[in-house]
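Summary of the model geometry
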Amino acid sequence: MTIREYMKRAWPLYAMIIPGIFFVLLFRYYPMYGVVIAFQDFSPAKGFLNSPWVGWENFEFLFSLPEFWRILGNTLIIAVAKIVADQIGAIILSLLLNEARMLFFRRAIQTLIYLPYFLSWIVLGGILLDVLSPYGILNQAIGNFGVEPQLFLGSNNWFRGTIITSGFWKNVGFSTIIYLAALTAINPALHEAAAIDGAGRFRRIWHITLPGIRPTIVLLAALSLGDVLQAGFEQILTLYSPAVYRTGDIIDTNVYRVGLVSAQYSLAGAVGLFKSLIGFGLILLSYWLADRYAGYRIL
């Protein structure tokens, strides 16, 4: 088949990807030109071309700020804790749902854990602000046991745990879908043979089910490295306040405040570029690990 004959048959498929390519070029690649403000004393009135060039001064100033390393630490702690909690929780929930025999009960639980994933953090944030307020349902419940009301969203002692727990509540359902799909690929004959040999349910889970989904576990764990610096901008921006900046301020929220609120565009650009370079390196590492230990390759 010649190229002309092939294109005559396949041109509708190529035409379908043109809007996607245009979207990526316009909103992903074209804005990358703006990274030059990280090396400028940028002024919106002068624009990219006429703003004075300052080289590495923004980065030197950034790395000299004590709060920058605190913000980086907050980002890593929250993001890594979210990744670990989501992965472990999704594995446990998928195993429990896979062992459930009542179809109605299984579907009801699946719906309950999937639903928060499809709601925005604006909606969930409003719910959490009411539930976790000093006079909210949770504080009223623990008050019945003689416990003083806690500032879950206004105390540095509670804020990280609240962010990690609420993030787990929202995202674990989607991760569970992936593991449930992986569980369907396990041959039921293996469980039947093990049951005949006298293996109990927990022994079959340990020796058959978990090894059967091990490639999926390794793959998702490796790919999650690319999200190490993604601690959840929308979630934290919705829930945090100046009282918890010490433990809750992350790179994305700091860029928002410095760049848009305080109009320090060059400094915010330096922070964003630093995060992007680290994230790019982590993504490369995650795909190498996925190829090395799970056999996953894009091309």
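Every value quoted in this text rests on a predicted model; they were computed, and no experiment measured them.

The set of residues buried in helix α3 (residues 57–64) consists of Asn58, Phe59 and Leu62. Viewed end-on, α3 has its buried residues packed into an arc of 95 degrees, placing them on one side of the element.

Before going further, it helps to spend a moment on the packing of helix α6 (residues 121–131) against helix α8 (residues 159–183). For the pair α6 and α8, the least separation of the axes is 12 Å and the interaxial angle reads 135 degrees. Taken together, the axis directions place α6 and α8 in an arrangement best described as oblique. Relative to α8, the crossing made by α6 is right-handed. Contacts from Trp121, Leu124 and Leu128 in α6 reach Ser166, Gly167, Trp169 and Lys170 in α8. Within the contact of α6 with α8, the residues separate by chemical class into four nonpolar, two polar and one charged.

Moving on, we get to the pattern of salt bridges. For the structure shown, the criterion picks out three salt bridges. A salt bridge links Glu99 to Arg201, with the shortest nitrogen-to-oxygen separation between them at 3.3 Å. Taken together, the positions of Glu99 in helix α4 (residues 66–99) and Arg201 in helix α10 (residues 201–212) put the pair 102 residues apart, joining distant regions of the chain. Among the residues examined, Glu99 registers a relative accessible area of 14% and is labelled buried. Taking the relative accessible area as the measure of exposure, Arg201 reaches 41% and is therefore partly exposed. Across the pair Arg257 and Asp249 runs a salt bridge, and its minimum N-O distance is 2.8 Å.

What counts and how
The residue numbering used here restarts from 1 in each chain and proceeds along that chain's sequence as written. Given that the model is predicted, a residue must reach a pLDDT of at least 70 before its local features are reported, and side-chain atom pairs must reach 80 or more before they are shown or counted; all residues, however, enter totals for whole chains, interfaces and linings. Side-chain calculation: all heavy atoms of the structure are included, whereas hydrogens and water are not. Per-residue accessibility, obtained with a 1.4 Å probe over protein chains only, is compared with the maximum for each type, and a residue is labelled buried under 20%, exposed over 50%, and partly exposed between these values. Going along the chain from the N terminus, every DSSP run of H or I of four or more residues is numbered as a helix, and every run of E of two or more is numbered as a strand. The directions considered for the arc are those from the helix axis to the C-beta atoms. Throughout, an axis means a line fitted to C-alpha atoms (over the contacting stretch in the case of helices), and angles, computed between N-to-C directions, take values from 0 to 180 degrees. Put simply, angles under 35 degrees are roughly parallel, angles over 145 are roughly antiparallel, angles from 65 to 115 are roughly perpendicular, and the rest are oblique. Whether a crossing is left-handed or right-handed is set by the direction in which the near helix is turned from the far one by less than a right angle, anticlockwise for left-handed and clockwise for right-handed. The criterion used for residue contact is that any of the two residues' heavy atoms lie within 4.5 Å. In this classification, the charged set is Asp, Glu, Lys and Arg, the nonpolar set is Ala, Val, Leu, Ile, Met, Phe, Trp, Tyr, Cys and Pro, and all remaining amino acids, among them Gly, are polar. Should a side-chain nitrogen of Lys or Arg be within 4 Å of a carboxyl oxygen of Asp or Glu, the pair is scored as a salt bridge.

Without other data, these values stay purely geometric and don't point to any function.
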